[in-house]
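Here are the chains, one letter per residue:
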Amino acid sequence: MIVILAEKPDQGKLLASPFPSVKREGYIEIQPCSQFPHGAKVTWAIGHLVELKNPDEYDPSWKKWSLASLPIIPERFEYKVTKDKAKQFRVVKSLLKEASQIIIGTDAAREGENIARLLIMMAGASRKPTKRLWLSSYTDHAVRKGFAALKEGKESEPLFYEAQARQIGDWLVGINASRLYTLLLQQKGIRENFSVGRVQTPVLKLIYDRQKEIEQFKPEPFFELEGEFTVKNGKYNGKIQKKFKTEEEMRRAVSPEITSETNQYDAKVKDRKVQEKRLKPPQLHSLSTLQSNLNRRTKMSPTTVLKTVQKLYEKGYVSYPRTDSQYITEEEFTYIKSNIKGYQTTFSIDFTPKFLYPSKRFVDAGKVKDHYAIVPTEKLVTPAKFASFSPQEKTVYEEIVKTALKMFMEDHVYDETVITTSIGKNDFLSKGRTVKVTGWKALEGKGEKKEEEQPLPEVTSGEAARAVLNVKEGMTQPPKPYTLGQLITLMKTAGKYIEDKEMKDALNAAEGLGTEATRAGIIDTLLLREFIEVNKNSVSVTQKGSILCEAVDGTLLSKPEMTAKWETFLKGIGTGEKSKDVFIENAGKLCFALMEQAKTDVGRVNTEGLAAAVQHEGAICLCPVCKEGNILDRKSYYGCSGYMKGCKQSFQKKILNKTISPAQIKLLCEKGKTRKIKGFKGKKTFDAYLVLKNGKIEFSFS
């Protein structure tokens, strides 16, 4: 019996959809057909069904956080079935035991390989014959084609070792560094948990450095000299191409021809140049470019973009989303070209394709690694089907399709005119723009800056002009905080912050910090741990995040170099050139090195006044039980900031399907009772007050 292992139920349905099949409990049975003469069974994980054990599951004494127990390094690493997914694991294990052949059909990447191989290992089926299905699209045609060209399981096995090494290495650094810095900072009066990670901490430090740059920025005045020029055919503006620190400095530079006594002068057109400029269509999208583009235009968060494009992929409308490539092969180009009319119909757009041959800007098989760029599949979306999409699905799908269609459109062409007008030795520059061919910009999405035409009047060299001058005073501006979309780009291009050329090259080769699949999750982790906050799409570091950045400043944990080294080694494991065991051994050695370094680093952190600031940051009200800590919003619940001192007071955020707001929690803690809350859902829907008795919530109906 052939068992096909998918990553999720939806993916399992897509793998079975081209064939006659019957839905069963926890799997789908493919009936005998030409591709599967004896049938097959498709089952699935639900994401990570298997995970690494927690420290206390190796040694109960490791449950308590203490410096004496660090570093925590098990003799051998063990896995367990995720508790709430045990039922599906039993289904998978039963099927794998019966299997005569296993086909791994999880996402074709490092983590997909890890999910499947750990399941096979935990089910005791590692010795069974294994094949690998490698897909970038889930259309019926692509699925059939993939099953007809299965890879040998051994070919993708090194990706499993790479994923294991990353998982265990991150476990070691995360567990040990988090406990180490938390305990050391506790000794300095900071009663908080500090999550530390190989990728999340350098990202936090980059955000912190930008914030410090903004805080320490000292604005300086500047002066510019502008002019409005009148010629035979009209008027235009221009300015001297230099900023001056003082008006006196500016006056000295432009004298004697220009003085403070008058602002009107005779001028002369010194030169007029016209140059044709061409903007080629943008490249196709990788996940990072899609996330940063949509965040810039629509403020959609990177996580929302990833979840949305994943849904579209699972429905078979777009190709594999977690790709770092911006290229496709001739095969994808051919079907996209044949479907141009269909894509146009979806969005009621009309243009005549200009280029119907593959350009190296978009089509280059040599630059496609595991997956090609995110493009629409040949599964067309009718206008009626598109109307049924969620608002996010509409936005994401439209961006992907229109970016693909731009491949076939003309360059955006405009004439740039530069006029130099002189008053004596002083040259004023004026730039104008006249669009000649709109080209691909006709498909620009909402939120894109409209580049206005700025035509200049016709002038001739030597022509007289009348000038009216104006002194413009301004202040230099600090850099702006990062947006969520810029964080994705920041992670991808983190190599530019490294001075060492070898490390810079290594991080660039590794495509920066994190992967296409993990970058949105890194941002979510920093938010969840309350290291950063987002206000109107701008990201800032909290007091808690600032303390951690001060503590790790200068260490490997704060620098992108560590990830550069890790990712280079991990890729070597994935290609079979390096050893997983050596990597894990080195990660353990790093944990020992951190012990000594951290004590020195944390010792120099000045926490005076910060303990209270952190405690009060985001506080809802004073804890009604310990009367010392504050009740904080912990994302999934409300809890006391004094929990490290022993206060266990907490409140559920959802009670009988009703979300309890911070304002209601404040009333509950300060007055002992909330206002009447409507819509609790028990056997029947009811309204009630919440009252606090001995630290516990009870219902009151009076």
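For the structure itself, look to the data block above.
Residues numbered from 1 in each chain as written. Predicted model: local features only at pLDDT ≥ 70, side-chain atom pairs only at ≥ 80, totals over all residues. Heavy atoms only, no water.

J.: Got a minute to help me understand the overall build of the protein in this structure?
T.: Summing up its helical and strand segments, the protein has 21 helices and 26 strands in all. Overall, the protein is about 90 × 70 × 60 Å in size when its C-alpha atoms are taken along their principal axes. Considering only residue pairs separated by 6 or more positions, the protein has 71% of its internal contacts joining residues 24 or more positions apart. With the model as given, the accessible surface of the protein reaches about 34000 Å², and the carbon-plus-sulfur share is 50%. Averaging the locations of the 115 positively and 87 negatively charged side chains of the protein gives two centres separated by 6 Å. (Helix = DSSP H or I, 4+ residues; strand = E, 2+ residues; numbered from the N terminus. Contact = heavy atoms within 4.5 Å. Areas by Shrake-Rupley, 256 points an atom, 1.4 Å probe, with all protein chains shown as cover. Lys, Arg positive; Asp, Glu negative; His and termini not counted. Charge placed at Lys NZ, Arg CZ, Asp CG, Glu CD.)

J.: Help me understand the sheet that holds strand β26 (residues 696-700) in this model?
T.: Strand-to-strand pairing in sheets goes through backbone hydrogen bonds, with the strands running parallel or antiparallel. Spatially, 3 strands are ordered β24-β25-β26 in an open sheet, and the strand pairing comes out antiparallel. Each having just a single partner strand, β24 (677-681) and β26 make up the two edges of the open sheet. Across this sheet, the average inter-strand angle for adjacent strands is 60°, counted without regard to direction. Looking at chain direction, strand β25 (residues 685-693) and β26 are connected through 5 bridges and run antiparallel. Note on β26: the bridge partner recorded for Lys693 is Lys696. Of the strands in this sheet, β24, β25 and β26 touch helix α21 (residues 662-671), which is tilted by about 45° from β25. (Pairing = 2+ DSSP bridges. Axes fitted to C-alpha atoms, helices over the stretch in contact; angles between N-to-C directions.)

J.: What should I look at first to understand the state of the cysteines in this one?
T.: Two cysteines joined by a covalent bond between their sulfur atoms form a disulfide. The full count for this structure, using the stated rule, is 0 disulfides. In this model Cys621 remains outside any disulfide bridge; the closest cysteine sulfur is found in Cys669, 3.8 Å from its own. (Disulfide = S-S within 2.5 Å.)

J.: Is there a simple way to explain the packing of helix α14 (residues 484-492) against helix α16 (residues 519-528) in this structure?
T.: Two elements in contact, α14 and α16, have axes separated by 10 Å at closest approach and are oriented at 120°. With respect to α16, the axis of α14 lies oblique. Relative to α16, the crossing made by α14 is right-handed. Judged by residue contacts, Leu484, Leu487, Ile488, Met491 and Lys492 of α14 engage Arg519, Ala520, Ile522 and Ile523 from α16. When the residues that make up the contact of α14 with α16 are grouped by side-chain class, the tally is 7 nonpolar, no polar and 2 charged. (Parallel < 35°, antiparallel > 145°, perpendicular 65-115°, else oblique. Left-handed = near helix turned anticlockwise from the far one by under 90°. Nonpolar A, V, L, I, M, F, W, Y, C, P; charged D, E, K, R; others polar.)

J.: Please explain the pairing of strand β20 (residues 637-640) as it appears in this structure.
T.: In regular strands, side chains alternate between the two faces of the sheet. Bridging between strand β19 (residues 630-633) and β20 involves 3 bridges; their strand directions are antiparallel. From the neighbouring strand, Leu632 faces β20, where its bridge partner is Gly639. Strand direction decides the pairing type here: β20 and strand β21 (residues 650-652), joined by 3 bridges, are antiparallel. Bridge pairing in β21 links Tyr638 to Phe651.

J.: Teacher, can you tell me more about the packing of helix α8 (residues 287-298) against helix α13 (residues 391-405) here?
T.: Each pair of packed helices can be summarised by the angle the axes make with each other and by the distance between the axes. Two elements in contact, α8 and α13, have axes whose closest approach is 11 Å; the angle formed by their N-to-C orientations is 120°. Between α8 and α13, the angle falls in the class oblique. Seen along the crossing, α8 lies across α13 with a hand that is right-handed. The segment α8 lies against α13, with Leu290, Asn293, Leu294, Arg297 and Thr298 engaging Thr395, Val396, Glu399 and Ile400.

J.: When you look at the sheet that holds strand β2 (residues 21-24) in this model, what are you seeing that I'm missing?
T.: Strands sit in the order β2-β3-β4-β1-β7-β8-β9 across an open sheet of 7 strands; the sheet is mixed. At either end of the open sheet lies a strand with only one pairing partner, and these are β2 and β9 (151-152). In this sheet, strand β8 (residues 130-132) lies alongside strand β7 (residues 101-104) in parallel orientation, the contact comprising 3 bridges. Residue Ile104 lies in a different strand from β8, and its bridge partner there is Arg132. Each of β1 (2-6), β2, β3 (27-30) and β4 (40-44) is contacted by helix α1 (residues 9-16), which is oriented at about 160° to β4, the strand it contacts most.

J.: Before we go on, may I ask you to explain the environment of Cys621 in this structure?
T.: Relative to the elements of secondary structure, Cys621 occurs in strand β18 (residues 619-622). Cys621 sits in the buried class, given a relative accessible area of 5%. Not counting residues up to four positions away in its chain, the partners in contact with Cys621 are Asn630, Ile631, Ile665, Lys666, Cys669 and Glu670. (Buried < 20%, exposed > 50% of the residue type's maximum accessible area, 1.4 Å probe, protein only.)

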